[in-house]
Structure formats: C-alpha cells, structure tokens
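Given next are the chains, with one letter for each unit.
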Amino acid sequence: MNNKIISFPHLSNYDVPIKYLIEKLTDAKVIPSPSITKKTIELGSKYSPDYVCMPFKYTLGNYIESLDNGANILIQAGGGCRFGYYFELQKKILEDLGYKFEFYSLSDNDVNGIGSMYNMLRKINPNLKKIKYLYYLALTFLMINYMDKIDMYIRKNIGFEIKKCSFERIKKGMLNSFYKSNNIFTLIKNYYKYKRKFKDIRTSIFTWSISWYNYRNYRNDDVIWILKELKIELKY
C-alpha cells in the first residue's frame, strides 16, 4: 500500500461516484472533504482574497481540512465560470500556508474532457489502462444519471411522505449499494431495486407546488430537506 491520499471538495451526494471512480482507477486512498460547516467557510474566507466568489472560499476551506486530515493529493475539476481559473491561486495560497501536496486540475489541460481526465489520472497511476478508464468512467456517468433521476423523484414527493425520513433512509441504502457495485450489471440491478422501493413509499395526496431552480451546487440539499417539512413539491 502506498502513501497516496487523494481528496477533493465536498460535493454532497456526488462524493459517492467521484470517490468510486478515483478508487477504481488509482492505487490511492480517497478521503472526500468533510461536509461544509461554519469552520469550512471561516477557513476559506480567512485565506481567500475578498473579491473572489463563495465557491472559491468553500473549496479552499475544504482543501485545508482535507490536508489537515492527511491528504497529500488534491483534485480540482475546474468549472464553467471563472472558478475554473482559480487553480493556480488556490495552490499558491496552500503552499504559502506550508502544506506539502500534489495538485491536479482538469482546467490545467488544453482540452477539458475525457482525454484530459485520463492524462490527469495517469499522473497518479501510471499503470492505468485506457480500456479500464473508459469502462469505469461510463459506469460512473451511469451512476450519476441514476442518482439524478432518483433525486428528481424524491424532490417531487418527499414533502408528502407519511412515515418521516422514509426517503432519506432508502436513499442512504441506495448510495451505499451504488458504491459497492463492482460492475455495470450490478449497478443497473441496484438502481431498479431501489427505484421500486421509492415507488412503494406511502405518501399523502395533498399538493402545494412552487417553482424551483436547480443550479446544482452542494448547498441545494440543505434547502430540500427544509422545504419537505413544509410539504412543498419541487418542480423543474
């Protein structure tokens, strides 16, 4: 066992497929960043320039907590906004704080896509074969697709569950089964198994709908669990 310990910013339930992919394609231990707390925000804000966006501060706080927990390899996936260009600045801030680590970013490549991700992972695991990479990448994309479908169903129905926490309990079991899936066939089997379980949850018939804009950040889940207590259906 080598001493490579990889971490990445907290991404709510998407930590599961990301950790799964990295573990399957590298010979390293993977420790996702802790859930975002007041401490995370305070750490990120303390060492960030005042003008930067909140995701920069969240992720910087995540990196500091991960490094304090023993990580020595950090991964940044980049982003569709200016956050994708903050890689070098975050790396410099962490180095100035005295941390020793390797930092890999997809936005550090000329083309941000499948090829660049493979090249990044090859730096961590030089023995990684392309066929293995493509297989587990496809499996991970399928896992994320299944998670999104289930989340859509949960957000529409969770406010009307009769037995409290039914959706949350079953979702935890689903994510655990996804993480333990060793191949695509097992993943597909687990998806339909838990899809049936969600359909079997008893819900009330009362409906109160509002519009909901999902911008896919890692704070949405907190709002969802609050709104479900008010028996509000989230529509897209």
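Residues numbered from 1 in each chain as written. Predicted model: local features only at pLDDT ≥ 70, side-chain atom pairs only at ≥ 80, totals over all residues. Heavy atoms only, no water.

### Examining the environment of S33
Its location among the elements puts S33 in the loop between strand 2 (29–30) and helix 2 (38–47). Judged by relative accessible area, which is 4%, S33 ranks as buried. Between the C-alpha atom of S33 and that of L11, which follows or precedes it by 22 residues, the distance is 8.6 Å. With residues near it in sequence (within four places) discarded, S33 still touches S7, F8, P9, H10, D15, N62 and S66. (Helix = DSSP H or I, 4+ residues; strand = E, 2+ residues; numbered from the N terminus. Buried < 20%, exposed > 50% of the residue type's maximum accessible area, 1.4 Å probe, protein only. Contact = heavy atoms within 4.5 Å.)

### What to know about the sheet that holds strand 4 (residues 102–105)
Read from one edge of the open sheet, 4 strands run 2-1-3-4, paired in parallel fashion. The sheet is open, and its two edges are formed by strand 2 and strand 4, each paired on a single side. With 2 bridges connecting them, strand 1 (residues 5–7) and strand 2 associate as parallel partners. Bridge pairing in strand 2 places I6 opposite V30. Lying on the sheet, helix 3 (residues 54–68) is in contact with strand 1, strand 3 (73–76) and strand 4; it crosses strand 3 at an angle near 160°. Together, strand 1, strand 3 and strand 4 form the strand contacts of helix 5 (residues 114–124), whose direction differs from that of strand 4 by roughly 165°. (Pairing = 2+ DSSP bridges. Axes fitted to C-alpha atoms, helices over the stretch in contact; angles between N-to-C directions.)

### A word on the packing of helix 1 (residues 15–25) against helix 7 (residues 166–179)
Two numbers describe how helix 1 lies on helix 7: the axes approach to 10 Å, and their chain directions differ by 15°. Between helix 1 and helix 7, the interaxial angle falls into the category roughly parallel. Both helix 1 and helix 7 take part in a crossing whose hand is right-handed. Contacts between helix 1 and helix 7 involve V16, K19, Y20 and E23 from the former and L175, F178 and Y179 from the latter. Here the contact of helix 1 with helix 7 is composed, by residue class, of 5 nonpolar, no polar and 2 charged. (Parallel < 35°, antiparallel > 145°, perpendicular 65-115°, else oblique. Left-handed = near helix turned anticlockwise from the far one by under 90°. Nonpolar A, V, L, I, M, F, W, Y, C, P; charged D, E, K, R; others polar.)

### Overview of the packing of helix 1 against helix 6 (residues 130–157)
Packing of helix 1 against helix 6 leaves a shortest axis separation of 10 Å and a crossing angle of 170°. Viewed along their axes, helix 1 and helix 6 adopt a mutual orientation that is roughly antiparallel. Contact residues: V16, P17, Y20, L21, K24 and L25 in helix 1; K132, Y133, Y136, L137, L139, T140, M143, I144 and M147 in helix 6. A class-by-class count of the residues in the contact of helix 1 with helix 6 yields 12 nonpolar, 1 polar and 2 charged.

### Some remarks on the confidence of the model for the chain
Per-residue pLDDT for the chain averages 83, and the proportion of residues at 70 or more is 78%. Looking at the elements of the chain, mean pLDDT is at its lowest for strand 5 (residues 209–211), recorded as 46, and at its highest for helix 8 (residues 184–199), recorded as 96. Confidence over residues 207–218 falls short of pLDDT 50; this stretch has 33 contacts with residues more than four positions distant or in other chains. (pLDDT = per-residue confidence, 0-100.)

### Digging into the packing of aromatic side chains
Aromatic ring pairs are defined here through the distance separating the ring centres and the angle between the ring planes. Summed over all chains, the structure comprises 10 aromatic pairs. Taken together, Y146, F178, Y191 and Y192 form an aromatic cluster joined through their ring pairs. (Phe/Tyr/Trp six-rings, centres within 6.5 Å; stacked < 30°, edge-to-face > 60°.)

### Some details on unusual backbone geometry
For S12, which is not glycine, the phi torsion reads 55° and is therefore positive. If you trace the backbone, S12 turns up in the loop between strand 1 and helix 1. The exposure class assigned to S12 is buried, which follows from its relative accessible area of 17%. In the Ramachandran plot, C165 falls in the positive-phi region, its phi being about 70° despite a non-glycine side chain.

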